[in-house]
Each structure stands twice: as C-alpha cells, then as structure tokens.
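Chain by chain, the residues run as shown.
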Amino acid sequence: MNINDYISSGIVESYVLGLADEAERTEFESMSAKHDEVRAARDLFELSLEKQALVGAVMPPANVKAAIFATVTQTGASVADDNIADQGLEKSTAASAGSTGSSSKSFSQSADVATPARVISTSGWAKYLAAASVLLLVGSTILNFYLFNQYKAYSERYVNLLASQTQLANNNRALQTSVDTYRNTIAALSDPKMSIIKMVGTKVPNNGSPDPASMATIYWNKQSAEVYLMVNNLPKATSGKQYQLWAIVKGKPVSAGVFDINPADSVLKMNNMPAAEAFAVTLETTGGSESPKGAMYVLGAI
Amino acid sequence: MGSTITYSEHQLVSLLKQRDNKAFEYLYDNYSGALYNIVMQILGDVDLANDVLQEVFVNIWRKIESYDSVKGRLFTWMLNITRNAAIDVLRSKSYQNSQKNLSISDQAEFDSGGKTSQLNVDNIGVRKVLEKLKSEQRVLIELAYFKGYTHEEIAEIESIPLGTVKTRIRSALIQLREHLK
C-alpha cells in the first residue's frame with residue numbers, strides 16, 4: 001500500500017481516538033515506527049485534537065481536585081518510596097496491635113506483607129476500589145432520584161422567578177406610562193398660551209350648586225384646543241353618578257367628557273374644545289348625558 | 001493553581017513518573033477541564049462525571065509508567081483513559097439500571113432536564129465538529145466514539161453491513177480531521 005494512501009485512509013484518526021481494533025493498532029504502531037510521515041501525521045492530528053479539547057475545557061468543581069489529591073498523596077507515598085512504605089507498615093502493625101486482635105497474629109500478617117511492599121498498596125487499593133464501587137452502585141440510584149428532585153425544585157424556582165420578573169417588568173411599564181403622562185401634562189400646562197379658568201360653586205346661577213364651596217380649574221389652550229381639568233374641591237360622587245365637564249359654546253352645553261375624582265390624577269386631560277364661552281361641571285348618571293340633566297356644581301366664564 | 005511554571009511534555013512525563021506532586025497538580029490544572037468536558041459529553045450527568053474524573057486522575061497517577069511516548073502524546077493517552085472510563089460507566093449495569101429507574105418515575109421531565117445539561121457542552125470539541133458531518137456519518141461517530149459501541153454492534157444497531165460501518169466511520173474521521181484543523 002502506498003504510504004500516503006495509508007495515512008489518508010482515516011487510520012491515523014481512528015488510532016488516536018481509540019477507535020482502531022487490535023490488528024489495526026498493531027499495524028499502525030509498526031507503520032509509524034517505520035515511516036516518519038505516518039508519525040508526523042499522527043502528531044499533527046493529536047495536536048489539533050488537543051488544541052480543540054483545551055478550547056472546550058469545562059472546569060470541574062473544586063472538590064473533585066481535593067478528592068483526587070487526597071487519594072493520590074496517600075497512594076503515591078506507599079508506591080513510590082520504600083521508606084514510606086515501611087512507615088505504612090509500622091502504622092498497620094500499630095493499628096492491629098491497638099485493636100483487640102492478638103499481637104502474634106498481627107506480627108505474622110505484617111511479616112507476610114513485608115516482603116513485597118507494593119502488594120500492600122495494591123491490595124489496599126483493591127479493597128478501597130471494591131468498597132467504593134459498591135458504594136457507587138448503591139448510591140447511584142439514590143443519587144439519580146436526588147438529582148431528579150433537585151432538578152424539579154430548581155425548575156419550579158425558576159418558573160417562580162420568571163413570574164415575579166414579568167410582574168416587575170409590568171409594574172415598571174405602568175410606572176413609565178404614568179411618568180410619561182405627567183411629563184406631557186406638565187409640558188402642556190407650562191405652555192404660555194395656556195389660559196386658566198376658575199370654576200366655583202358660587203358662580204352657579206340661583207345659588208344652585210349643591211355644594212357652594214366646590215371649585216375646579218380649567219387649563220385651556222385655545223390654539224391647540226386642549227382642555228385640562230384640575231379638581232380643587234368637589235364632593236365625592238354618590239354611587240351610580242359621575243361628574244361631567246361641559247363647555248358652553250354659543251350658549252349651548254357641549255360635553256367635554258366625564259371624570260371621577262381620583263387623587264392619583266391631579267390633572268385630567270379632557271376632550272378638546274376649539275371654542276367656548278364658559279365651562280361647567282354637573283353630576284350625571286355614570287357614563288354621562290348628552291345634555292346636562294343633573295345639578296351644576298361649578299361654573300366659570302372665560 | 002498559583003504556579004506559573006510550564007513544563008515541556010517530556011519534563012512533565014518524567015516528573016510524573018517520579019511521582020512529583022507539583023507536576024501532577026500542573027497536569028490537573030491544565031487538562032482536567034478538557035477531560036471533564038469529554039466525560040460530560042459521554043455521561044451528561046455532573047455527579048457521575050465528577051466521580052469518573054476523579055477515577056481518571058487517580059489512574060493517570062497510578063499508571064503513568066505504562067504511558068509510552070512512542071505511541072502518542074500524553075494528552076491522547078489521557079483522553080483515551082478518560083473516554084474508556086466514562087464509557088465503562090455508561091455501559092455498566094448500575095448506570096443502565098439507574099436510567100431505567102428514572103424512566104419509570106418521570107421519563108419526559110428527566111429527558112428535557114438531561115438535554116439541557118448536555119446542550120452546554122454540545123458546542124465544543126469533537127461534538128461541535130460533528131455538526132459539520134452528514135447525519136449518517138454523525139450517527140456512526142456518536143455510537144462509536146461517544147457510546148463506545150464496536151463496529152459489529154453498530155452494524156447490528158443500524159442494520160447496515162459491517163464493511164459499510166467501517167468505511168463510513170473512516171470517511172467521517174477523515175473529514176473530522178479537516179474540520180479540527
């Protein structure tokens with residue numbers, strides 16, 4: 001086989017990623033020993049794989065590192081260094097002597113074990129691993145349920161947070177709207193073309209106002225026809241009733257809209273009026289009337 | 001982390017063979033993230049992945065003598081240890097059983113939960129590159145690399161001839177190399 005064909009057959013990637021079978025691996029290893037090109041292609045792929053993997057690194061939690069180093073410093077000591085292995089032996093002798101077991105037995109154990117120092121650690125390891133794997137086996141089912149419940153709890157909390165977030169956003173939007181309204185009102189009121197008409201209870205003909213102390217103010221821009229109303233003093237409307245503002249145009253009342261007395265709306269924008277001689281407020285059935293039927297509370301001429 | 005030393009791969013390996021703690025810490029700090037990613041891609045479960053990563057690094061420490069630089073880079077060796085460990089867990093009875101237990105309790109909800117945790121790692125490494133392959137090739141790499149099935153098993157699962165499995169995997173791998181560059 002041509003060496004370039006071999007390299008570009010996918011065997012390099014297959015070998016590096018651990019997907020090659022036994023025969024392919026053996027063949028690849030002998031090929032890369034023989035041919036520099038094969039080895040170079042392998043190095044190149046390994047490097048690009050490593051580079052990609054490092055870009056995609058996801059750091060594990062810190063406790064994993066701690067657990068690894070705790071295990072490694074134990075085993076490392078006993079495997080690497082005979083002196084430390086001896087120390088370990090002393091410890092194990094001391095431990096078994098300390099326990100209720102007979103001391104002669106513990107001596108024979110340590111004698112058996114003393115010759116191959118490595119065996120101690122590996123058998124210790126095997127025990128540890130066996131114990132760990134049993135724990136893992138038992139634990140994994142519980143763990144999965146636990147995780148599943150945790151996941152459910154978190155998604156519930158997430159939904160709640162989302163709801164309160166939406167609520168806050170709505171509140172914010174409402175506030176923004178009322179701020180905008182106030183801003184526009186103030187801008188309109190500060191217009192120099194705005195004329196101010198005081199409507200009072202005492203101006204109502206024949207002392208007809210049910211409450212002569214009543215007072216309201218009209219801000220009227222003749223140029224833009226905008227009409228704003230400020231309620232200074234009006235009794236609370238009885239139920240089923242609503243106040244209605246009228247403009248008197250050429251002797252005839254024209255409705256400028258109904259309103260409620262709401263402390264939050266200090267200034268109300270009413271219907272535009274291009275012309276008027278006077279303004280008046282009457283109490284009408286809720287929704288207003290076509291022509292005034294109820295008692296007149298205040299009147300103000302221009 | 002603190003340490004600012006960098007080792008050449010040769011230095012690192014020889015220090016590791018002498019059981020040098022600092023070198024091992026360097027190894028962990030530099031490679032645990034990449035290896036953790038592959039475990040997460042295979043298992044998609046944080047706690048299992050933590051256990052596997054722990055086992056992997058303890059094994060790297062213990063088996064460093066068996067690393068042979070003639071056969072490849074240190075990272076490749078570690079990557080293969082990692083992938084094998086994760087796949088062992090994936091194909092273990094206890095893992096299969098735990099998946100079954102879950103499917104009894106609440107399949108649908110867990111599925112969506114599992115998926116989101118996997119999405120986080122989907123966009124990196126080999127899996128990102130996989131997106132660029134044809135779906136028939138992607139499935140095969142997914143089964144072979146991330147699920148650890150043999151070619152024979154894949155041939156059976158996908159009901160395609162063994163020869164086709166091999167050629168498709170090979171051609172997928174060749175493209176993978178191009179995309180990794």
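What comes next is a walk through the structure.

1. Here we look at the overall build of chain B
Of regular secondary structure, chain B possesses nine helices and zero strands. Out of the 181 residues belonging to chain B, those deemed buried represent 50%. In chain B, of all internal contacts separated by at least 6 residues, the share reaching a separation of at least 24 is 60%. Carbon and sulfur atoms make up 50% of the accessible area of chain B, which totals about 8500 Å².

2. Points about the pattern of salt bridges
Applying the stated rule across the entire model yields 17 salt bridges over all chains. With its nearest N and O atoms 3.1 Å apart, the salt bridge here joins E13 of chain A to R177 of chain B. Highlighted residues: E13 of chain A in helix α1 (residues 3-16) and R177 of chain B in helix α9 (residues 162-180), drawn from two different chains. The network of salt bridges with shared partners includes E13 of chain A together with R177 and E178 of chain B.

3. A closer look at the packing of aromatic side chains
For the structure shown, the criterion picks out 14 aromatic pairs over all chains. When the centroid spacing of 5.6 Å and the interplanar angle of 75° are considered together, the rings of W220 of chain A and F279 of chain A count as edge-to-face. Residue W220 of chain A is located in strand β2 (residues 215-221), and its partner F279 of chain A is located in strand β7 (residues 278-285); the two are separated by 59 residues in the primary sequence. On the basis of relative accessible area, W220 of chain A is assigned to the buried category, the value being 2%. Here Y243 of chain A and F259 of chain A contribute two aromatic rings whose centre-to-centre distance is 5.8 Å and whose plane-to-plane angle is 20°, an arrangement assigned as stacked. Residue Y243 of chain A is found in strand β4 (residues 241-249), and its partner F259 of chain A is found in strand β5 (residues 252-259); the two are separated by 16 residues along the sequence. The pair formed by Y243 of chain A and F259 of chain A is uniform in burial state, with each residue classed as buried. An aromatic cluster of three or more residues is present, and its members are F69 of chain A together with F24, Y28, F57 and W61 of chain B. Lying across the ring of Y228 of chain A, K269 of chain A places its NZ or CZ 5.5 Å from the centre. A cation sits over an aromatic face here: R19 of chain B above W61 of chain B, 5.6 Å from the ring centre.

Conventions used here
- Residues numbered from 1 in each chain as written.
- Chains lettered and ligands numbered in written order.
- Predicted model: local features only at pLDDT ≥ 70, side-chain atom pairs only at ≥ 80, totals over all residues.
- Heavy atoms only, no water.
- Helix = DSSP H or I, 4+ residues; strand = E, 2+ residues; numbered from the N terminus.
- Buried < 20%, exposed > 50% of the residue type's maximum accessible area, 1.4 Å probe, protein only.
- Contact = heavy atoms within 4.5 Å.
- Areas by Shrake-Rupley, 256 points an atom, 1.4 Å probe, with all protein chains shown as cover.
- Salt bridge = Lys/Arg side-chain N within 4 Å of Asp/Glu carboxyl O.
- Phe/Tyr/Trp six-rings, centres within 6.5 Å; stacked < 30°, edge-to-face > 60°.
- Lys NZ or Arg CZ within 6 Å of the ring centre and 35° of its normal.

Just distances and angles here, no functional claims.
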